[in-house]
Structures are given as C-alpha cells and as structure tokens.
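Structural features, examined
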Amino acid sequence: MHSNNIIISGLGISGLITASLFCKEKLQVHCFEPSDFAKLSEDQRTTAFLNPAINVFKEIGIWGNIKPFAQPLKEMEIIDAAEFKKFGKTTSVVFDPKEISLKNFGYNIPNKIVSATLLDFLTGKENFVLHNRDSLVDHYAFDQNILVKSAKGKVLEGQLLISCEGRDSEIRKREKISRYKTTYNQLAMVFQVSHSKNHKDKTTEILDTGGPFTIIPLRSSTNQLKSTIVWMDTSEVINEAFNLREPEFNALITKKSIEMRGQLKLISGKQKWPVSSQITKALVSKRTVLIAESAHVMPPTGAQGLNTSVEDIIYLYQICKKALKSNKDMGADEVLRQYSLVRLPLTGGKVFGIHLLNKISMTENRFLKTARKNFLKHLDKSPALKRTLIKVGLG
C-alpha cells in the first residue's frame, strides 16, 4: 500500500477535475465511484464554465479536446419581466466582459463532453486507479495516514481523503459534520431548444415569479440555433410543465421566454431536480476534506455552483502542491486548517448570496418586485458597480 496515496470518493465532474490535477503531481490517485460510468453519456445538462475553470482545463492539457464543443459566453443579460404581462414593459441590464478587459465570461459546455474528456485523460495515466462500481463504507484517520475500506472489501492507506460525493456525502455523515440546509418548494428543469432568433453569444436570465428562466447559448455543428434552458419555478408549475405534450410545452416556453429567442422548440429530453441551498458547518476533519457539493449546494443561478466547486479544487491543489514541494504531509492538520480558513467563509458567503438572489427572483411580493426593478435600473447606469459584480461572479 502507498502511504502517498490520494483517495477520492465520487467521480462526478468535480472528482474528475480533482483527480486530473493530482495525477499531474505523480501521486498515486485512487478514485471510488459507485455508479456506472456508461451513464455519463445520458447527462443532457450543460455547464457555463467561467474563465477560472477554463484555465484549469488548460493546465490539465485537455482544453484543445473540449474547445470544439464549447460555446463562448460573451454577454450576460438580466431582464425583469414582472410588468410584461400587464404593460408589455421590461427592465434589463447587460454585463459585458469587455468592461473588465476580458473577451468572454467563459464557455457553455455539455457535461458529458467534459466528463468523457477528463476520464480519457485519466485512463492514460499509470498513477490513476479507478475503482468503478465500488464505494467507501468506512475510513479511519491516524496521525500518519488514513485507512479506507470499500464495499467490495478493498483496504487502502493514504495521506488524504477527498470527498466529492455530493450533497448527501457518506463521508460527511461518518465524520458527524452537520449542515445548514434550506429548501424552496422549487424545482429546476433543464432541457435544450432550437430557436428562430440568433442568440449572439448572449446568456439571458428572465425574472418574473417562481424563479429565473435562463437561456444559455449552445455550440452547434449545423446551422440550427440552439440553447440550454434552465427553468426554476415552484414544484407545481414545473411538474405541470414537465408532463405537457410537446406542442403545448413549446408554446409555454416560448411565452415564458417573452420570445427573446423567437419560437422555441424542444430538441432534447427534460431533467428536473429539487432546488436547495446547503453549507456544511466544517470543511475538514482529520486527513479528510469535503469539497464541491459535499461541502456546499446552491441554486443554479449565475453559474456559481460548479464554478465554486472548481475554486475549491484549485485552492486545495495549490496548498497540497506547496506542501509537496516543501516535503510536508499534504494531509497534515495545518494544511487542511489553512484550506478551511480560506474556503469556509468564501463558500458560506456565496451560498448565502445566491440564496438571497433566488428568494428575490421567486418573490411575489409587490414591494420586493419594485425594489428588484429599481436596482436593475440603477445597475444599468453604474459601470463601476457592474464591474465589481462581474469580478465577484468570476471568483
């Protein structure tokens, strides 16, 4: 057994990125994933990866394989449509990356492309060990190492255990780390559409009640104009829409989009999931660290969820790499304490901020709607405030 092992539980996109970075350090990286990787091709979601995540793909060396499938995101528009039904009026603000000397905010990329590319990179590494369809059922941390046991009876020793298991992390539960959790009686539904008007590389988020309706442009290999839709609304509204026949569904989403992209037509299956916010009360325990959705969950607003996870990964990798160069123990208390001191307030603040934005976006309160509209008007006339918000959003 290698005491220099890094052990990762969970190989979603966050786990794959983490494994890829640590493999570059010539460490033995063991990854446990209970589900079948063949299901990667079934994921119809896309992710708006912001520039810090794109830089990670470049550092790993896979950006050239992903870029042909990536749609640049050159503008972000927020539209308050609360008065559209009655008066046909909207209030909007446009964020342009050129305001902070950037070409674009990032790229919208199909999740299955990112996962498959990362997995292909890893399978070519001798120091990557995949334990597919196997999960960790127990772990024991000591002063010099950590010992893990899997459902299939494997026993491994390592320096550090990283949980990328998601919001219901078993590692978190075994460590008795509690969490703060908020639910909204809200579902998110994601699907892809074709449309009659050009998206012009612009992401559009429409606010009314129930939650945002976000249109994110997609790269197309044909002349067909395509976008991903992320629609957040009350459970009742989403469930009713989910079960509509396609002609009625197309008419509904076209109306919901206030025809910003013309006529919308469904071109994919639909996926839905409950919206919640969650933050753990601690990020680390002895030789164990929680990252990504094991540590924090937030509504899919402003592309913050997975991009915040990438920020976790970047910082953990940096401090572990620094420890390695100094011949220090990556799993030592002082290293993990540094991770916690930096990341816990940042992720906690971001979860709280996105929680507030979601509550404001779904409000039916007339006063809050008026305040939301007035804020967008003020923001549209304040370049300095827009630049500040862009920088915060990019991490």
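Residues numbered from 1 in each chain as written. Predicted model: local features only at pLDDT ≥ 70, side-chain atom pairs only at ≥ 80, totals over all residues. Heavy atoms only, no water.

**What to know about the overall build of the protein**
What counts here: Numbering of helices and strands runs from the N terminus; a helix is a DSSP stretch of H or I covering at least four residues, while a strand is a stretch of E covering at least two. In this description the radius of gyration comes from C-alpha coordinates, and the expected globular size is given by 2.2 Å times residues to the power 0.38. To sort residues, take the accessible area from a 1.4 Å probe on protein chains only and compare it with the maximum for the residue type: under 20% means buried, over 50% means exposed, and anything in between is partly exposed. Contacts were defined at the residue level, with two residues in contact if any of their heavy atoms lie within 4.5 Å. Accessibility throughout is a Shrake-Rupley quantity obtained with a 1.4 Å probe, and a residue counts as covered only by protein chains that appear here.
Within the protein one finds 12 helices and 21 strands. Taken against the 2.2 N^0.38 rule, which gives 21 Å for 395 residues, the C-alpha radius of gyration of the protein at 22 Å falls within 12% of a compact globule. Split into buried and exposed, the 395 residues of the protein put 53% on the buried side. Intrachain contacts of the protein at a sequence separation of at least 6 include 73% that bridge at least 24 residues. Taken as a whole, the protein presents about 18100 Å² of accessible surface, with 52% of it coming from carbon and sulfur.

**Digging into the sheet that holds strand β8 (residues 128-132)**
Defined as follows: Pairs of strands are assigned from DSSP output, requiring at least two bridges between the strands.
Strand order in the open sheet made by the six strands is β8-β2-β1-β12-β20-β19, with mixed pairing throughout. Edge positions in the open sheet fall to β8 and β19 (284-285), since each of these has one partner strand only.

**Concerning unusual backbone geometry**
Excluding glycine, most residues fall at negative phi; most peptide bonds, likewise, are trans. Phi is positive for R133, close to 55 degrees, though the residue is something other than glycine. Positionally, R133 belongs in the loop between β8 and β9 (136-141). Of note, E259 is a non-glycine position whose phi angle comes to about 55 degrees, a positive value. The topology assignment puts E259 in the loop between α8 (246-256) and β17 (264-266).

**Some thoughts on the pairing of strand β18 (residues 271-280)**
Sheet analysis places strand β13 (residues 179-195) next to β18, joined by nine bridges and oriented antiparallel. Directly across from T183, in β18, lies its bridge partner S276. Summarising the sheet, β18 and strand β21 (residues 296-297) pair through two bridges and their orientation is antiparallel. Bridge pairing in β21 places I279 opposite H296.

**What about the state of the cysteines?**
Heads up, the rule is: Cysteine sulfur atoms are paired as a disulfide whenever they fall within 2.5 Å.
As enumerated under the stated definition, the model contains zero disulfides in all. No disulfide involves C23; its nearest neighbouring cysteine sulfur is the one of C31, lying 6.8 Å away.

**Quick word on the nonpolar core**
Rule in force here: In this text, buried Ala, Val, Leu, Ile, Met, Phe, Trp, Tyr and Cys residues form a nonpolar core when linked through side-chain atoms within 4.5 Å.
Of all hydrophobic cores here, the largest spans 63 residues; its most connected members are I17, F22, F57, I109 and I162. Of the residues forming this core, the biggest block, eight residues, is contributed by helix α9 (residues 305-325). When near neighbours in sequence (up to four residues on either side) are disregarded, I17 contacts V56, F57, I60, L118, V310 and I313.

**So, helix α12 (residues 383-394)**
Applicable threshold: Any helix carries an expected span of 1.5 Å times its number of residues minus one. In this description, the arc belongs to the directions extending from the helix axis to the C-beta atoms.
Its 12 residues place the ends of α12 17 Å apart at the C-alpha level, agreeing with the 16 Å of an ideal helix rising 1.5 Å per residue. Along α12, the residues that are buried comprise K386, I390, G393 and L394. The buried residues of α12 occupy an angular sector of 95 degrees when the element is viewed end-on, so they sit on one face. Facing away from the buried side of α12 by more than 90 degrees, the exposed set consists of K391 and V392. Packed against the buried residues of α12 are β3 (46-50), α2 (51-60), β6 (91-95), α9 and α11 (366-380). Positioned one or two residues after α12, G395 has a phi angle of 85 degrees, which is positive.

**Things to note about the sheet that holds strand β4 (residues 71-73)**
Quick note on the threshold: Helix axes use the C-alpha atoms of the stretch in contact, all axes being lines fitted to C-alpha atoms, and the angles between their N-to-C directions lie in the range 0 to 180 degrees.
Read across the sheet, three strands follow the order β3-β7-β4 without closing on themselves; strand pairing throughout is antiparallel. The outermost strands of the open sheet, each flanked by one partner alone, are β3 and β4. Within this sheet the neighbouring strands show an average axis-to-axis angle of 30 degrees, counted without direction.

**Brief notes about the packing of aromatic side chains**
Selection rule: Ring pairs shown here join Phe, Tyr and Trp side chains whose ring centres sit within 6.5 Å, with only the six-membered ring taken for Trp; geometry is labelled stacked below 30 degrees between planes, edge-to-face above 60, and tilted in between.
Evaluation of the coordinates by the stated rule reveals six aromatic pairs. Seen in terms of ring centroids, F49 and F57 are 5.2 Å apart; in terms of plane orientation they differ by 70 degrees. Their pairing is edge-to-face. The exposure classification of F49 matches that of F57, with both residues buried. Between the aromatic rings of F191 and F249, the centroid separation amounts to 5.1 Å while the plane-to-plane angle is 70 degrees, which identifies the pairing as edge-to-face. With F191 in strand β13 and F249 in helix α8, this residue pair connects regions lying 58 residues apart in the sequence.

**What to know about the packing of α2 against α9**
Quick reminder of the rule: These descriptions rest on fixed angle ranges, namely under 35 degrees for roughly parallel, over 145 for roughly antiparallel, 65 to 115 for roughly perpendicular, and the rest for oblique. Handedness of a crossing is defined here by the sense of rotation of the near helix relative to the far one, left-handed for an anticlockwise turn of less than a right angle and right-handed for a clockwise turn. Under the scheme applied here, ten amino acids are nonpolar (Ala, Val, Leu, Ile, Met, Phe, Trp, Tyr, Cys and Pro), four are charged (Asp, Glu, Lys and Arg), and all others, including Gly, are polar.
Running from N to C, α2 and α9 point in directions that differ by 50 degrees, and their axes come no closer than 9 Å. Taken together, α2 and α9 sit at an angle that is classed as oblique. Here α2 runs over α9; the crossing is left-handed. Contact with α2, carried on its side by P52, A53, V56 and E59, involves N307, V310, I314 and Y317 of α9 and no other residues of that element. Across the contact of α2 with α9, the residue classes tally to six nonpolar, one polar and one charged.

**Details of a positive patch on the surface**
To keep it simple, the criterion reads: Residues with no salt bridge and a relative accessible area higher than 30% make up the patches, which join like charges within 9 Å and nonpolar side chains (Val, Leu, Ile, Met, Phe, Trp, Tyr) within 5 Å. Within this document, salt bridges are pairs made up of a side-chain nitrogen of Lys or Arg and a carboxyl oxygen of Asp or Glu, the two lying within 4 Å of each other. Counted as positive: Lys and Arg. Counted as negative: Asp and Glu. His and the chain ends are not counted at all. By convention, the charge on Lys lies at NZ, on Arg at CZ, on Asp at CG and on Glu at CD.
A cluster of basic side chains, namely K58, K67, K103 and R219, defines a positive patch on the protein surface. For K58, the location among the structural elements is in helix α2.

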